[in-house]
Amino acid sequence: MTTTPQTPVDMRLTAIRFAAQDTNLYEFRLPDGAALPPVEPGAHIDIHLPNGMMRQYSLVTADGDPTAYVVGIKRDRTSRGGSIFIHDNLRVGQMLKIGGPRNNFPLKEDAAHTVLIAGGIGVTPIWCMAQRLQKLGRPYELHYACRDRSEAAFMEEMQRLTQAKLHFDAEAGSFLDLRPIVANAPAGSHFYCCGPLPMLEGYEAATKALPPEQVHVEYFTAREEAATEGGYVVELRRSGQEFAIPEGRTILQVLREGGVDVPYSCEEGVCGACETAVVSGQPDHRDNILTESERKASKTMMICCSGSKSPRLVLDL
Ligand code: FES
């Protein structure tokens with residue numbers, strides 16, 4: 001379940017710092033330098049870019065300067081272009097609209113033991129969690145895998161922690177094997193993973209026998225195709241409007257074209273901005289946010305990517 005989104009606000013990009021090869025830290029502050037709403041480990045912000053794109057990036061720290069949000073962004077040549085635009089065009093001093101923070105990846109701070117697993121730039125929320133657990137004095141271990149040492153962020157700080165185990169594919173000659181990490185963790189451990197798709201698939205396979213409430217994961221790209229089969233009606237309970245959803249369109253697209261103002265951001269089921277309460281009907285969930293039990297309960301749905309299995313879906317809008 002996501003936390004309540006905040007309205008986007010104007011913030012100034014106040015610093016860009018090198019973190020690793022192709023990865024920079026971007027720091028944002030309010031123009032008057034005022035304190036920001038407190039953030040939790042695992043939370044992300046939406047960056048509204050001047051080219052019309054909107055992208056989500058995890059916060060690097062929840063316990064640092066309360067007047068700044070800091071995110072780590074890797075220039076990813078295989079991405080949809082947001083990180084390339086940021087690296088090539090953003091300059092210190094620029095004003096940008098920043099939404100959030102929102103948290104789809106909350107940390108259970110009082111777990112008996114916590115196992116944190118990160119791959120590549122997926123380290124940002126995981127490092128944020130490690131710093132919080134370190135501050136609280138809670139037992140945890142951190143496993144961080146990168147292709148190459150030069151690509152590893154926060155290395156200096158991590159090397160000072162006995163809890164941190166670093167893995168470099170190029171040196172080991174193989175990817176990090178998550179099975180022994182999961183098998184050797186104390187009973188009752190909570191697991192968190194953020195990284196590239198092959199790592200997340202390996203993580204889900206390694207943890208599949210564990211109770212789902214102990215297994216936490218954050219995806220940054222869609223795993224499933226959006227539901228665009230259409231052929232159902234969406235009724236908005238509060239306004240009384242009805243919309244037929246045709247084949248090839250999502251609920252979000254049809255509502256926006258019909259003049260309904262609904263929040264959204266990623267449009268691929270990974271950020272939680274479009275989460276909408278369901279009054280009745282059977283959603284066809286395609287997002288990466290709701291847990292299995294939340295999907296079954298269907299109290300909410302992500303209308304950017306999920307559709308309907310029932311001929312009529314009533315939303316609390
Ligand atoms: Fe991001 Fe729907 S807009 S989950």
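Cut-offs applied
- Residues numbered from 1 in each chain as written.
- Predicted model: local features only at pLDDT ≥ 70, side-chain atom pairs only at ≥ 80, totals over all residues.
- Heavy atoms only, no water.
- Salt bridge = Lys/Arg side-chain N within 4 Å of Asp/Glu carboxyl O.
- Helix = DSSP H or I, 4+ residues; strand = E, 2+ residues; numbered from the N terminus.
- Buried < 20%, exposed > 50% of the residue type's maximum accessible area, 1.4 Å probe, protein only.
- Core = buried A, V, L, I, M, F, W, Y, C linked by side-chain atoms within 4.5 Å.
- Contact = heavy atoms within 4.5 Å.

Focus: the pattern of salt bridges
In step 1: Under the definition given, this model contains 23 salt bridges.
In step 2: The partner of Arg 132 in a salt bridge is Asp 63, with the nearest N and O atoms 3.0 Å apart. Residue Arg 132 is located in helix α2 (residues 123-136), and its partner Asp 63 is located in the loop between β4 (54-58) and β5 (69-74); the two are separated by 69 residues in the primary sequence.
In step 3: The exposure class of Arg 132 is buried, given its relative accessible area of 13%.
In step 4: Residue Arg 132 pairs with Glu 109 through a salt bridge whose shortest N-O separation is 2.4 Å. Taken together, the positions of Arg 132 in helix α2 and Glu 109 in the loop between β6 (95-102) and β7 (114-119) put the pair 23 residues apart, joining distant regions of the chain.
In step 5: What emerges from the salt-bridge pattern is a single network uniting Arg 17, Glu 27, Arg 29 and Asp 65.

A closer look at the nonpolar core
In step 1: Core analysis: the biggest nonpolar cluster contains 29 residues, and Leu 116, Ile 126, Trp 127, Leu 142, Tyr 144, Phe 154 and Met 158 have the highest contact counts within it.
In step 2: Contributions of two or more residues to this core are made by β1 (9-20), β7, α2, β8 (140-146), α3 (155-159), β9 (164-168) and β10 (190-194).
In step 3: No other element matches the six residues that α2 contributes to this core.
In step 4: In this structure Phe 154 touches Ala 19, Leu 25, Val 60, Val 123, Thr 124 and Trp 127, once residues within four positions along its chain are discounted.

Read these as geometric descriptors, not functional statements.
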